[in-house]
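One-letter residues, chain by chain:
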Amino acid sequence: MLGKGVVGGGGGTKAPKPSFVSYVRPEEIHTNEKEVTEKEVTLHLLPGEQLLCEASTVLKYVQEDSCQHGVYGRLVCTDFKIAFLGDDESALDNDETQFKNKVIGENDITLHCVDQIYGVFDEKKKTLFGQLKKYPEKLIIHCKDLRVFQFCLRYTKEEEVKRIVSGIIHHTQAPKLLKRLFLFSYATAAQNNTVTDPKNHTVMFDTLKDWCWELERTKGNMKYKAVSVNEGYKVCERLPAYFVVPTPLPEENVQRFQGHGIPIWCWSCHNGSALLKMSALPKEQDDGILQIQKSFLDGIYKTIHRPPYEIVKTEDLSSNFLSLQEIQTAYSKFKQLFLIDNSTEFWDTDIKWFSLLESSSWLDIIRRCLKKAIEITECMEAQNMNVLLLEENASDLCCLISSLVQLMMDPHCRTRIGFQSLIQKEWVMGGHCFLDRCNHLRQNDKEEGREGQDTQSKPLNLLTVWDWSVQFEPKAQTLLKNPLYVEKPKLDKGQRKGMRFKHQRQLSLPLTQSKSSPKRGFFREETDHLIKNLLGKRISKLINSSDELQDNFREFYDSWHSKSTDYHGLLLPHIEGPEIKVWAQRYLRWIPEAQILGGGQVATLSKLLEMMEEVQSLQEKIDERHHSQQAPQAEAPCLLRNSARLSSLFPFALLQRHSSKPVLPTSGWKALGDEDDLAKREDEFVDLGDV
């Protein structure tokens, strides 16, 4: 078997033809040294994780290198991940090790993260699935987190190639039973030693106490109550065991249509308005059943719409907003811009970057979601209206829009603990179908939820994902905190007493009993008239005039942006076209050509924080020795004396050590960062040793 060597080429040009042919197999070079190195590289298995298959003498290509240079090592597949154990694993420096994920390595791919698998046969790229008659000489794996891995199998034994390729295809594509997922093995084998601080922990919303705490925090306990009617999921598996409904709502109504048609509380605003969500009733053709449904909805609506004190606005996300198919199609087009196999492919797409980006419609979808959330915020904040989100199952777009509204209106949700609690409340306990949307089981039918309930003999104590110490060292965890964040100052009792807030709806009510209005029964007549108009109409039809909404929205939006920002209050994003940009740290993190050599803002901030700690430490030493005549001579740590050759996305993406000269595009990519022209900062280098 022949190994071809090539001379390195530029990033923007195609790879030149091989200039020589080597008749020596790569594995024959430094054989003894290679064997020693492979013995040192061991596979790290999590509790309950099992090795399934492996192959040696696999070449992992460097992604940005069109000349196909790489690193040799072992490619293994377990029941949790695909891992590449390179010969250079021991070459990680101390700084990289401290920021390394302890569960998922830089060269690890969880089985659920695999998006597409391709094979290269005689320079032709084909999708791999099912049983193969011929095995590829090159394996390409596209991941859901936009990483691209390329493995050369040309120098691997034929038996090992068949075993590893078949194993990867089977364990990433074959239908699975729920009980076969790795999380159950891990939960059984791992020890839950997490010690939570009751004052600083993520609220899991798996107990009635958690929901009562959230009601009290948002002052929603005046009008809403936590119920346990679905405890043990005896009413509906789609709803959480505990949730919150309007106080006047009888609990037996929840069981009537298995939780459908019930307004479920999400969050309450400081002025008393609330955000609710509701799953639609099943569509029926029978007139008798339709009449029963209409009567049921009318009764439900009276509990949440009691003008002039309680007014509700309905947002039908199923028929008047984006469809899930639109979102899926747009994202599929969008992600292809970032699944780059090599630098040549990167530069080929650069010239038509903006047209491809626009044709995907992904940024427009982001803008529409933000705009919808601002519209709802305006109704709650400015008009003191309750908002009811309506969706078929209230578990997709309801989760998204509700989360965005709370992030904009509630500063608690913009803290780390608050944000984690928000995800837990709106997405996990909110019933989002992660299993179906991510297709973890690779099945087409919808029977896997029932299979899981029936086959699980005893309850599992699943570990929380919010314990970051399982994944990161303390130094890496500091990057989860904003060093510039300042908590809202707490007022003393005297200040709180003088500034106690009264709900605006309370201010509209008479404080003392007064005589009847000359117009007898004014409020009753108005209320009855409105209810008569609403009877017989489905809730999804109760939508305000679009022209009126647009005027109110624009006035509210422009007014907020014209004032100074209160970071402990309402925050509204810009939604003008040029303001909606690609999230660089999410989508460009694996493309070295789009990164800045020298570290950029993230790495610079990290080093500045270290320097601040060092200065503080030196100041303390000086204070201790202030009587001494000679000033202490302190040395800066080695980490600060050495230059930091990192990428702009460090530590979220480590700069690959095999990179050739990094380059920056001159057209599309320069608009993704700050207003500065990134092309002018191609040679930016932060030498922190001279600071």
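Right above here is the structure, for reference.
Points about the packing of aromatic side chains
Applying the stated rule across the entire model yields 19 aromatic pairs. Ring plane angle 40° and centroid distance 5.8 Å describe the contact between phenylalanine 84 and phenylalanine 151, whose orientation is recorded as tilted. Note that phenylalanine 84 is positioned in strand β5 (residues 81-86) and phenylalanine 151 in strand β10 (residues 148-152), a separation of 67 residues in sequence. Aromatic rings pair up to connect Tyr331, Phe334, Phe338, Trp353, Trp362 and Tyr587 into one cluster. Sitting above the plane of the tryptophan 590 ring, arginine 147 keeps its charged end 5.7 Å from the centroid. Lying over the aromatic face of phenylalanine 553, lysine 371 brings its terminal NZ or CZ to 4.7 Å of the ring centre.

Thoughts on the environment of alanine 190
Structurally, alanine 190 can be placed in the loop between α4 (182-189) and α5 (208-217). On the basis of relative accessibility, which here comes to 11%, the residue alanine 190 falls in the buried class. Counting along the chain gives 272 residues from alanine 190 to leucine 462, while the straight-line C-alpha distance between them is 9.5 Å. Not counting the four nearest positions on each side in its chain, alanine 190 is found in contact with Pro47 and Leu463.

Things to note about the nonpolar core
Core analysis: the biggest nonpolar cluster contains 56 residues, and Phe334, Phe338 and Met380 have the highest contact counts within it. For this core, the element with the most residues is helix α11 (residues 362-381), which contributes 10 residues. Membership of the second largest hydrophobic core comes to 35 residues, among which are Ala241, Leu249, Ile264 and Leu297.

Comments concerning the packing of α11 against helix α12 (residues 397-409)
Packing of α11 against α12 brings their axes to within 9 Å, and their N-to-C directions diverge by 60°. Regarding the angle of α11 to α12, the classification is oblique. Regarding α11 and α12, the two cross each other, and that crossing is right-handed. Every residue of α12 that contacts α11 at Cys369, Leu370, Lys372, Ala373, Ile374, Ile376, Thr377, Met380 and Glu381 is listed here: Leu400, Ile401, Leu404, Val405, Met408 and Met409. Considered class by class, the residues forming the contact of α11 with α12 number 12 nonpolar, 1 polar and 2 charged.

Section: the environment of aspartate 350
Among the structural elements, aspartate 350 can be located in helix α9 (residues 343-350). The buried category is assigned to aspartate 350, whose relative accessible area is 8%.

Details of unusual backbone geometry
In this structure, phenylalanine 205 is a non-glycine residue whose phi angle is positive, near 60°. Turning to its location among the elements, phenylalanine 205 is positioned in the loop between α4 and α5. Of the residues examined, phenylalanine 205 reaches a relative accessible area of 2% and is grouped as buried. Phi at lysine 219 is positive, roughly 60°, even though this residue is not glycine. Judged by its relative accessible area of 53%, lysine 219 is exposed.

Let's talk about the sheet that holds strand β8 (residues 124-127)
Pairing is antiparallel across the open sheet formed by 8 strands, whose spatial order is β6-β5-β4-β3-β10-β9-β7-β8. Looking at the sheet topology across the chains shown, the edges are occupied by β6 (108-110) and β8. Pairs of neighbouring strands in the sheet enclose a mean axial angle of 30°, with direction left out of account. Here strand β7 (residues 114-121) pairs with β8 via 4 bridges, running antiparallel. Within β8, the residue paired with phenylalanine 121 across the bridge is lysine 124. Its contacts with the sheet put helix α3 (residues 158-173) on β3 (51-61), β4 (70-78), β5, β7 and β9 (138-143), and the angle it makes with β3 is roughly 110°.

What counts as what
Residues numbered from 1 in each chain as written. Predicted model: local features only at pLDDT ≥ 70, side-chain atom pairs only at ≥ 80, totals over all residues. Heavy atoms only, no water. Phe/Tyr/Trp six-rings, centres within 6.5 Å; stacked < 30°, edge-to-face > 60°. Helix = DSSP H or I, 4+ residues; strand = E, 2+ residues; numbered from the N terminus. Lys NZ or Arg CZ within 6 Å of the ring centre and 35° of its normal. Buried < 20%, exposed > 50% of the residue type's maximum accessible area, 1.4 Å probe, protein only. Contact = heavy atoms within 4.5 Å. Core = buried A, V, L, I, M, F, W, Y, C linked by side-chain atoms within 4.5 Å. Axes fitted to C-alpha atoms, helices over the stretch in contact; angles between N-to-C directions. Parallel < 35°, antiparallel > 145°, perpendicular 65-115°, else oblique. Left-handed = near helix turned anticlockwise from the far one by under 90°. Nonpolar A, V, L, I, M, F, W, Y, C, P; charged D, E, K, R; others polar. Pairing = 2+ DSSP bridges.

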